[in-house]
Amino acid sequence: FINFLYANCNTAKDFSRVVVAGGAITEIIYLLGLEKHLVGVDVTSVYPSKAKELPSIGYVRKLSSEGVFSLLPTLILAENDIGPPTIVKQIEETSIDLRIINDKLNMSGIKEKIICIAKIFNLSTSKFEKIDKEINLKIDRINQLKLDNLNEEKRFLIVLMMKGTSPVVAGLNTSGHGFLNSLGLINVMKDIEGWKPVGKEEIILSNPDHIIITERAYKGFSSRKKFFNETGINLTDAGRNNKLIIEDGMALLGFGPRTLDTALKISETSFK
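Report on the accompanying structure. Keep in mind the model is a prediction, meaning the values are calculated, not measured.

**Remarks on the nonpolar core**
Counting residues in each nonpolar core, the largest one holds 49 residues, and the members touching the most others are I29, L32, L77, M107, F179 and I212. The element best represented in this core is helix α4 (residues 107-120), accounting for eight residues. Non-local contacts of L32, meaning those with residues more than four positions away in its chain, are made with I114, I117, A118, L123, F128 and I131. In this structure, I192, I203, I233 and L244 belong to the second largest nonpolar core, which totals 19 residues.

This is the structure:
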């Protein structure tokens, strides 16, 4: 895997005390069997559950400088939305090795992220080979299914959370849009930018065939029927046909190893 080009993936000089800001990076570290190096994680690092037992440094976008520095890290691995800028500047002014792992928001990008982290930890090719094969098989299968999905022209809406009675949905340049695009599915909200709350009229006009909602957003509703009726989405094709897919938010949108499994599950079973 040494031929892959990715940002700042050279082997770290010292990875004895690693702090992670980003749940997908934590998932990859556990996938690669490197968790013994972890001394702290952010609050989005909820999988596997053992990660939650580690000291917390706060939320990836609003890290606590005290939380980070008190752990005496030799290496910090972070997603590109690490913040606030003041703490990033503070880290850069120290001798701590900070690596920001960029997201490409597609399935191949997940593989590149795994390879990058393996290289940072100087993981031998033989130790990585089995995982690499499994990842390749999943990506190949997703790409096969993508061709079928493109022909079917299925229209999807992704709901991240609720803002009052308005769903906050995935527009262009979001992980939600990247997920749907990677599967050959149409994002009915591709004309808006970012994550935005939208009214029921806009959703009815966009008329999705299927809705994917995070567990966090669905938690406030006692049933699928209540969700459709209370949001007014019952007047869409998705509502009329009860097409609601409920997924773990990080598995769906984190672009870590579980996102490949979620992509397969949705493509193979959820809307056939």
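**Points about the packing of α4 against helix α5 (residues 125-152)**
Where α4 meets α5, the closest approach of the two axes is 10 Å, and the angle between their N-to-C directions is 170°. Compared by their axis directions, α4 and α5 come out roughly antiparallel. Residue-level inspection shows M107, S108, K111, I114, I115 and A118 of α4 in contact with α5, the latter providing F128, D132, I135, N136, I139 and I142. The residue makeup of the contact of α4 with α5, split by class, is eight nonpolar, two polar and two charged.

**Topic: the sheet that holds strand β5 (residues 75-79)**
Paired through backbone hydrogen bonds, the strands of a sheet run either parallel or antiparallel to each other. The four strands are arranged β2-β1-β5-β6 in an open sheet whose pairing can be described as parallel. With one partner strand each, in any of the chains shown, β2 (38-41) and β6 (97-101) form the two edges of the open sheet. Along the sheet, successive strands turn relative to each other by an average axial angle of 20°, direction set aside. Two strands pair when backbone bridges link them, and β5 and β6 are joined in this way by five bridges, in the parallel orientation. Looking at β6, one finds that A78 is bridged to I100.

**A closer look at the pattern of salt bridges**
A complete count under the given rule lists twelve salt bridges for this structure. For E112, the salt bridge goes to K104, with nearest N and O atoms at 2.8 Å. Two residues, R240 and D237, come together in a salt bridge whose shortest N-O distance is 2.9 Å. Note that R240 and D237 are positioned in helix α10 (residues 237-240) at a spacing of three residues, about one turn of the helix. In this structure R240 comes out as exposed when scored by relative accessible area, which is 53%.

**Some words on the packing of aromatic side chains**
Applying the stated criterion to the full structure yields three aromatic pairs. The interplanar angle of 55° and the centroid separation of 5.2 Å between the aromatic rings of F15 and F121 together place this pair among those described as tilted. Linking F15 in the segment before β1 (18-21) with F121 in the loop between α4 and α5, this pair joins segments that are 106 residues apart in sequence. Relative accessible area serves as the criterion here: at 4%, F121 is assigned to the buried category. Through a chain of ring-to-ring contacts, the aromatic side chains of F221, F227 and F228 assemble into a single cluster.

**Notes on unusual backbone geometry**
Cis rather than trans, the peptide bond between Y47 and P48 has omega equal to -10°. Structurally, P48 can be placed in the loop between β2 and β3 (58-59). A cis amide bond, omega 0°, links G83 with the succeeding residue P84. Along the polypeptide, P84 turns up in the loop between β5 and α3 (85-92). For N242, which is not glycine, the phi dihedral falls at a positive 55°. Summarising the element assignment, N242 is placed in the loop between α10 and β12 (244-247). Of note, F255 is a non-glycine position whose phi angle comes to about 50°, a positive value.

Cut-offs applied
Residues numbered from 1 in each chain as written. Predicted model: local features only at pLDDT ≥ 70, side-chain atom pairs only at ≥ 80, totals over all residues. Heavy atoms only, no water. Core = buried A, V, L, I, M, F, W, Y, C linked by side-chain atoms within 4.5 Å. Buried < 20%, exposed > 50% of the residue type's maximum accessible area, 1.4 Å probe, protein only. Helix = DSSP H or I, 4+ residues; strand = E, 2+ residues; numbered from the N terminus. Contact = heavy atoms within 4.5 Å. Axes fitted to C-alpha atoms, helices over the stretch in contact; angles between N-to-C directions. Parallel < 35°, antiparallel > 145°, perpendicular 65-115°, else oblique. Nonpolar A, V, L, I, M, F, W, Y, C, P; charged D, E, K, R; others polar. Pairing = 2+ DSSP bridges. Salt bridge = Lys/Arg side-chain N within 4 Å of Asp/Glu carboxyl O. Phe/Tyr/Trp six-rings, centres within 6.5 Å; stacked < 30°, edge-to-face > 60°.

Geometry only, nothing functional implied.
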